[in-house]
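# Fold and geometry: a report
Listed below, chain by chain, are the residues.
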Amino acid sequence: MGLTLLCIGTLSPEDYARYSLALLAAGVAAGFVGGISAQAMLRYARELSPSAMRWGLLGLPLCAAALACPLVAAYMTWRGEWSGAALIAIASIPALAVMDTRRSLFVASARADAVFALDAWRAGLALVLTFVLFHGWGALAESPLLAQGLSVLACLLLVGTRRAALVPAGSRVIDAQYVGYGVGLAGWMAVIVALSLAERSVVATASGLVASGRYAAQADVINAVFAALGGALAQAMMPTYLAQAADPDAAALRRLRRLALLGVLAIGALCVLMGIALSVSGLGRISAALTDDVSTALVLVAAGALWTSAGFVQKPVELRGRTHWLFAGVALAMVLFLLIAPNLAERYGPPGVALAKLIAGLTYTGMVWRLCRIHR
């Protein structure tokens, strides 16, 4: 959040749009790699054989990144958005894949100290390096991207000696499930990030790069709040979810869903309170970028709450390994967004694009709710 606010307050709307588009294009690849390696590690860390563990921590994420990076480069070239910012973002994907997979191992091992060290070093270094680069290099889109890439590399060195207290002793059957488990989630995570990229691209086409930068600023702050707090809630609930995967209990799953819903509603309320506080804080460019378009912000909060809720609703399907259904569902939601967003953008501008995201989220949530009932 601090890094996002620093970038909003320093970069022009055009440069923030370029920064956001480059970061998200690489983020599609990072989401794909994270689904294959990090999410699969989180699910199967306690069941893998030693050889599969070694492959999963380094070989699998690097291979997935090696496949993803050229595809992102080709996309940026095709879109005519190739730049230094895009090159830096793409170059960071392999290190990010290895770090996210290692983090998942620490989470599965209940090593909160290692998770905190990894996240704290990464966030702190990224913020400090961005500040230094802004003053030494200039207010360029490349500065925060380079800072984030360097912070990931530093984290791998600083936290690389920590070891999870696991003694894996899996079988070839479990190892095979591990590899297949991540494929569906990889597609799901890539499409989720691609949806954010599509949002900003539609706004840029309909209303220009300045409007896209302002839309991206609001979305990045709102998404950061939901990702941080919703992700923390999901990680805290993960041991209970994993127990349900082995021994399902309908009543326990209902309690988990109610807890998640209350948490998501609280996060949405916090976003609104933050917006009110920013509107009266007098933070200059930051306040203007985040509170001038209230209608877009409110729809984005509603969409963020809906998509975060869907992540909790889908857990039973996800943990039972039926991730290909999740990929199919989010792909359909993405198609729906691409069909309705350009028309809504022409009619209503940025709020119309946010509304299209909300409609796509409602569609996806309905689909995963139905899947949970089918696959109970």
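See the structure printed just above.
In this report, we go over the structure that sits alongside the text. As the structure is a computational prediction, the values presented were derived from the model and not from experiment.

## Here we look at the layout of surface pockets
Here the second largest pocket is characterised by a volume of approximately 300 Å³. Per-class residue counts for the lining of the second largest pocket are 13 nonpolar, four polar and no charged.

## Overview of helix 14 (residues 323–348)
The end-to-end C-alpha distance of helix 14, which contains 26 residues, comes to 35 Å, matching closely the 38 Å that a straight helix rising 1.5 Å per residue would cover. Along its length, helix 14 reaches its greatest deviation from straightness, about 35 degrees, at Ile-340, and the proline Pro-342 lies no more than four positions downstream. Once helix 14 ends, the next one or two residues include Gly-349, with phi positive near 75 degrees.

## A few points about the pattern of salt bridges
Counted by the stated rule, this structure contains five salt bridges. We note a salt bridge from Asp-119 to Arg-103, for which the minimum N-O separation is 2.7 Å. Of the two residues, Asp-119 sits in helix 6 (residues 112–136) while Arg-103 sits in helix 5 (residues 93–108), which places them 16 residues apart along the sequence. For Asp-119, a relative accessible area of 27% corresponds to the partly exposed category.

## Considering the environment of Thr-4
Looking at the secondary structure, you find Thr-4 in helix 1 (residues 2–10). Residues Thr-4 and Asn-343, 339 residues apart in the sequence, show an inter-C-alpha distance of 30 Å. Leave out the neighbours within four places in its chain, and Thr-4 touches Tyr-16, Asp-220 and Val-221.

## Digging into a nonpolar patch on the surface
The grouping of Val-272, Leu-273, Ile-276, Val-294 and Leu-298 at the surface amounts to a nonpolar patch, some 450 Å² of accessible area in total. For the nonpolar patch, the elements supplying multiple residues, two or more each, are helix 10 (250–279) and helix 12 (294–313). Among the elements that make up the nonpolar patch, the one with the highest residue count is helix 10 (three residues). Tracing the backbone shows Ile-276 in helix 10.

Scoring rules and cut-offs
- Residues numbered from 1 in each chain as written.
- Predicted model: local features only at pLDDT ≥ 70, side-chain atom pairs only at ≥ 80, totals over all residues.
- Heavy atoms only, no water.
- 1 Å grid on protein atoms, 1.4 Å probe; cavity = no way out; pocket = protein on both sides within 12 Å on 5 of 7 lines; lining within 4 Å.
- Points joined across faces, edges and corners; volume = space filled by probe spheres on them.
- Nonpolar A, V, L, I, M, F, W, Y, C, P; charged D, E, K, R; others polar.
- Helix = DSSP H or I, 4+ residues; strand = E, 2+ residues; numbered from the N terminus.
- Expected span 1.5 Å × (residues − 1).
- Bend = angle between axes of the 7 residues up to and from the residue.
- Salt bridge = Lys/Arg side-chain N within 4 Å of Asp/Glu carboxyl O.
- Buried < 20%, exposed > 50% of the residue type's maximum accessible area, 1.4 Å probe, protein only.
- Contact = heavy atoms within 4.5 Å.
- Patch = residues over 30% accessible without salt bridge, like charges linked within 9 Å, V, L, I, M, F, W, Y side chains within 5 Å.
- Areas by Shrake-Rupley, 256 points an atom, 1.4 Å probe, with all protein chains shown as cover.

Limitation: the analysis is restricted to geometry and does not speak to function.
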